[in-house]
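# Survey of secondary and tertiary structure
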Amino acid sequence: MNEVPNILWLEEVRKEDIISVGGKGASLGEMASIGLPVPKAFMVTAQAFRRFLIETGLEKKIFASYERLDVENNVALEKAANGAKAMVLKAKIPSALKNDIRKAYKKMDTEDLIVAVRSSATAEDLPDASFAGQQETYLNIKGETALLEAVQKCWASLYGARAIYYRARQGFDDHTVNISVVVQQLVHSEKAGVMFTSHPITGEPLTIIEGSWGLGEAVVSGSVSPDKYIFDQRSEKVVDVLVSNKLVEIIADGDNGTKLVDVVGARQNAQVLSEQEISKLATYGKIAENHYGIPQDVEWGVVNGTIYILQSRPITTIGNKKEAKQMSGQQQSATIILRGQGASPGVASGKVVIIRDVKDTGSVKEGDILVTKMTSPDMVPAMQKVAAIITDEGGLTCHAAIVSRELGTPAIVGTKTATNVLKMGQLITVDGEKGLVYEGAIAPAAPAAAPSAQQGVAGPAKIITATSVKVNVSIPEAATRAAATGADGVGLLRIEHLILGLNKTPGWFITNNREEDFVKELHDGIKIVLDAFPGKPVWVRTLDAPTDEFRNMMGGENEPLEHNPMLGWRGIRRDIQSPDQFRLQVESFKRLWKEGYDNLGIMFPMVSHPDEFIAAKAMMKSYGVDVENVTLGIMIEIPSSAIMIEEFLKCGIRFASFGTNDLVQYTLAIDRNNENVADMYNPQHPAVLYLIHSAIQMCREYNVECSICGQAGSDPKMATWLVEHGIASISANIDAIAKIREAVARTEKRIILEAARTRDAE
Ligand code: PEP
Ligand code: MG
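Predicted model, so just to flag it, every value in this text is computed and none were measured.

## Quick look at the sheet that holds strand 25 (residues 600–604)
Across the sheet, eight strands lie side by side as 28-27-26-25-24-23-22-29; this open sheet has parallel pairing. For this open sheet the edge positions go to strand 28 (705–708) and strand 29 (729–732), each flanked by a neighbour on one side alone. Averaged over neighbouring strand pairs, the angle between their axes works out to 30 degrees when direction is ignored. Summarising the sheet, strand 27 (residues 655–658) and strand 28 pair through four bridges and their orientation is parallel. Bridge assignment links Phe658 to a residue of strand 28, and that residue is Ile708. Sheet contacts for helix 27 (residues 686–701): strand 26 (631–636), strand 27 and strand 28; angle to strand 27, the most-contacted strand, approximately 165 degrees.

See below:
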């Protein structure tokens, strides 16, 4: 160990040197060695840090200071971390080491040398530096004193609370853990950002670049919505450009540190990278990926037309990259035979089975592709078997879309003609992300749940957000996948699917004296979900199926024929008029509460007036529920309930959740399942946003949790807007949790940053 000097230069470093210069340092050295444009740098080695600890007498002292710490005790952990960090910050750097750092700094040889100082974790099994809390970076550092201070701060970051906690949980020996510091010439980026050299989920050769004005920290910290570009490595073309409204940038602040400033005028909406720059950057990305043999997550900056690569690390979220690549290569040359709306991501091949009547679902075999006008709850058992689903009708919030996403089965809805164009037994491939159907089998026939099951659990370590990010569940089979997302609870459990899969209407159970079967079915299904989310809130919604969805089932002949079932006898209005049906549901809830599931909350759907809430509550009381001590809330999915939200709050609702699938259709008069008007179905319509905004503010005044469980909550843009407008929680689909959590975290960070900035300016 003693042979490793205090300082190593970029040119001397290779990937094997991770133990001396950490992951960040080693990767920079490696990239420089293959000719990628990396800024000048030197590294203060891990051994230098160790010498610092030994010579200052801290090596034993620090560790002893928190040896008996219970890391689960937050207060104690914070105290211990602060103590250890203070020791590192106060200690005097031994003069030999100080001189080495000073000399290296001088040798970097520009006049007013300004550097970025970045900590670099050395433990090979600590690849996720953000999780370990070791991502301290100090930009715009000028002068020896500031540099030495920044180096010491990077060292101290090794003893941050999260870092100590993580090491304790992972069983790392804190006696020996080291840290290196990268001192890098600061690239005064005029524009900068991040790049995934391949698609971060599927591993497809699509390079995704995000860029904005100023230093890259604006993109990394989420304080700006960056431009997004997609470069297809197969065709070597830019295939998608999304120019965002860039309101702020981070720039150097005089001689020390950085500041956030407004972007003004035309630059706000100007495209940051030219096509040429995108291609060049993507090519650098490809070189790095080929060199490492694994897709990379790269930070880059551009100054005076020169691109610099500032950092690169492997992407850890990709599942089976080889398989994805092979499929994509083939898809490129395949013939597209049908298009629709991509409703549930994933790619699958199989034989077409066209179902015109639910009675025929018996002929559906494992691995088939189910093609039908529109799915219904009684088709769920068949939907569980198939490799993919295609429908003629429907939009992103239709039954087929909701259930497919939950099953992790690729699905395309609203094709208009699938049942005519496709033939029984025809071999096809479905791309549920892009909404494309290809001739022939060009994807390996994988089990239906494979692609999205992977999506549900893959991704970086969980980000903690102040806004709760919950998950929607409709079928108990999805409970495990839903829980694997790490969601903060279930914001909507649709129970109609629990019983409709049995192919009998609630009325059938009642008229045939099978009430106990009904109660048990509900109880058992809900229990599976509650068990998957111990200690986390689970909001179970009372029955809400329109009469047409009941029609094909046993007992369906007694359902009324309605012209507009969406506007008809459904939700709480039906339950209030059908006490038996409501009583049986309540009976199953009562059993669960009695069994100790006090995380169970009940949500009433399609509520249009506070009187309905009062009536439902009174009925529950008459069935023996201690209504003041259970959690009862409403969905806001009819404009009247958004408008009258204060009256509901006065009646004591414990929470409210926007059902935007319905709220949009009732506000705009757009049938949510009608593909002819799907273009006009817009959750971001000003009128819808107005209703949501005003209801959120009122809930905040009454300190009542306001949430969303409609499909719009699975759209990161909408999630960003909702967080900006003060929503307390967001409940999204399983496949969207990771991206929603990220959007929420970004937005929260930006809000904090902007508040701090305003404070500073005052
Ligand atoms: C909604 O309307 O947004 C909702 C979540 O309920 P459903 O989709 O079941 O009508
Ligand atoms: Mg609804």
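## Some words on the coordination of the magnesium ion (ligand 2)
Note on the magnesium ion (ligand 2): its protein donors are Glu637 (OE) and Asp662 (OD). The metal-donor distances range over 2.0 to 2.1 Å. One end of the pair, Glu637, is in the loop between strand 26 and helix 24 (639–643); the other, Asp662, is in helix 26 (residues 660–668), and 25 residues separate them in sequence. The class for Glu637 is buried, based on a relative accessible area of 2%.

## Concerning the packing of aromatic side chains
To describe a pair of aromatic rings, one takes the distance between the centres and the angle between the planes. Overall, the coordinates contain 13 aromatic pairs when judged by the stated rule. Here Trp9 and Phe42 contribute two aromatic rings whose centre-to-centre distance is 5.3 Å and whose plane-to-plane angle is 55 degrees, an arrangement assigned as tilted. Highlighted residues: Trp9 in strand 1 (residues 7–9) and Phe42 in strand 2 (residues 41–44), separated in sequence by 33 residues. Assigned by exposure class, Trp9 and Phe42 land together as buried. Relative to Trp155, the ring of Phe49 lies with its centre 5.8 Å away and its plane at 50 degrees, an arrangement referred to as tilted. Of this pair, Phe49 sits in helix 2 (residues 46–55) while Trp155 sits in helix 7 (residues 144–156), placing them 106 residues apart in sequence. The exposure classification of Phe49 matches that of Trp155, with both residues buried. In this structure an aromatic cluster arises from ring pairing among Phe582, Phe604, Phe613 and Tyr623. We note Arg267 situated over the ring of Trp213; from NZ or CZ to the ring centre the distance is 4.8 Å. The side chain of Lys470 reaches across the aromatic face of Trp539, ending 3.8 Å from its centre.

## Quick look at the site of ligand 1
Contacts to ligand 1 come from 13 residues, most closely from Arg494, Arg541, Gly659, Asn661 and Arg672. Contact between ligand 1 and Arg541: an oxygen atom at 2.9 Å from a side-chain N or O atom of the residue. Contact between ligand 1 and Asp662: an oxygen atom at 2.9 Å from a side-chain N or O atom of the residue. Alone, ligand 1 offers 290 Å² of accessible surface; in the complex the protein occludes 96% of this. The set of elements that each furnish at least two residues to the shell around ligand 1 consists of strand 23 (490–494) and helix 26. Here the element with the most residues in the shell around ligand 1 is helix 26; it accounts for three residues. For the shell around ligand 1, the residue count by class is three nonpolar, four polar and six charged.

## Topic: the pattern of salt bridges
Enumeration over the complete set of coordinates arrives at 32 salt bridges. Between Asp524 and Lys520 there is a salt bridge, and its shortest N-O distance comes to 2.7 Å. Taken as a pair, Asp524 and Lys520 lie in helix 19 (residues 515–532) at a separation of four residues, close to a single helical turn. Accessibility expressed as a relative area gives 45% for Lys520, which makes it partly exposed. Taking the shortest distance from any N to any O, the salt bridge between Arg574 and Glu559 comes out at 2.8 Å. With Arg574 in helix 21 (residues 571–577) and Glu559 in the loop between helix 20 (547–550) and helix 21, this residue pair connects regions lying 15 residues apart in the sequence. With relative accessibility at 9%, the residue Glu559 sits in the buried group. A single network of salt bridges, built from pairs that share partners, joins Glu496, Arg541, Asp544, Arg570, Asp662 and Arg672.

## Brief notes about helix 22 (residues 579–594)
Taking 1.5 Å of rise per residue, 16 residues should cover 22 Å, and helix 22 covers 22 Å from first to last C-alpha, within 8% of that figure. For helix 22, the complete set of buried residues consists of Gln581, Phe582, Leu584, Gln585, Val586, Ser588, Phe589, Leu592 and Trp593. Residues of helix 22 that are buried in the fold lie against helix 18 (506–511), helix 19, strand 24 (538–541), helix 21, strand 25 and helix 23 (610–622).

## Things to note about the confidence of the model for the protein chain
Per-residue confidence for the protein chain averages 86 on the pLDDT scale, and 91% of its residues sit at or above 70. Below pLDDT 50 for its whole length, residues 317–329 participates in 35 contacts with residues either more than four positions away or in separate chains. In this model, residues 444–461 is a region of pLDDT below 50 whose contacts with residues beyond four sequence positions or in other chains number 33 contacts.

So, how was this worked out
- Residues numbered from 1 in each chain as written.
- Chains lettered and ligands numbered in written order.
- Predicted model: local features only at pLDDT ≥ 70, side-chain atom pairs only at ≥ 80, totals over all residues.
- Heavy atoms only, no water.
- Pairing = 2+ DSSP bridges.
- Helix = DSSP H or I, 4+ residues; strand = E, 2+ residues; numbered from the N terminus.
- Axes fitted to C-alpha atoms, helices over the stretch in contact; angles between N-to-C directions.
- Contact = heavy atoms within 4.5 Å.
- Donors = N, O, S within 2.8 Å, 3.2 Å for Na, K, Ca; no water.
- Buried < 20%, exposed > 50% of the residue type's maximum accessible area, 1.4 Å probe, protein only.
- Phe/Tyr/Trp six-rings, centres within 6.5 Å; stacked < 30°, edge-to-face > 60°.
- Lys NZ or Arg CZ within 6 Å of the ring centre and 35° of its normal.
- Near = heavy atom within 4 Å.
- Polar contact = N/O pair within 3.5 Å; in protein donor to acceptor, adjacent residues only side chain to side chain.
- Areas by Shrake-Rupley, 256 points an atom, 1.4 Å probe, with all protein chains shown as cover.
- Nonpolar A, V, L, I, M, F, W, Y, C, P; charged D, E, K, R; others polar.
- Salt bridge = Lys/Arg side-chain N within 4 Å of Asp/Glu carboxyl O.
- Expected span 1.5 Å × (residues − 1).
- pLDDT = per-residue confidence, 0-100.

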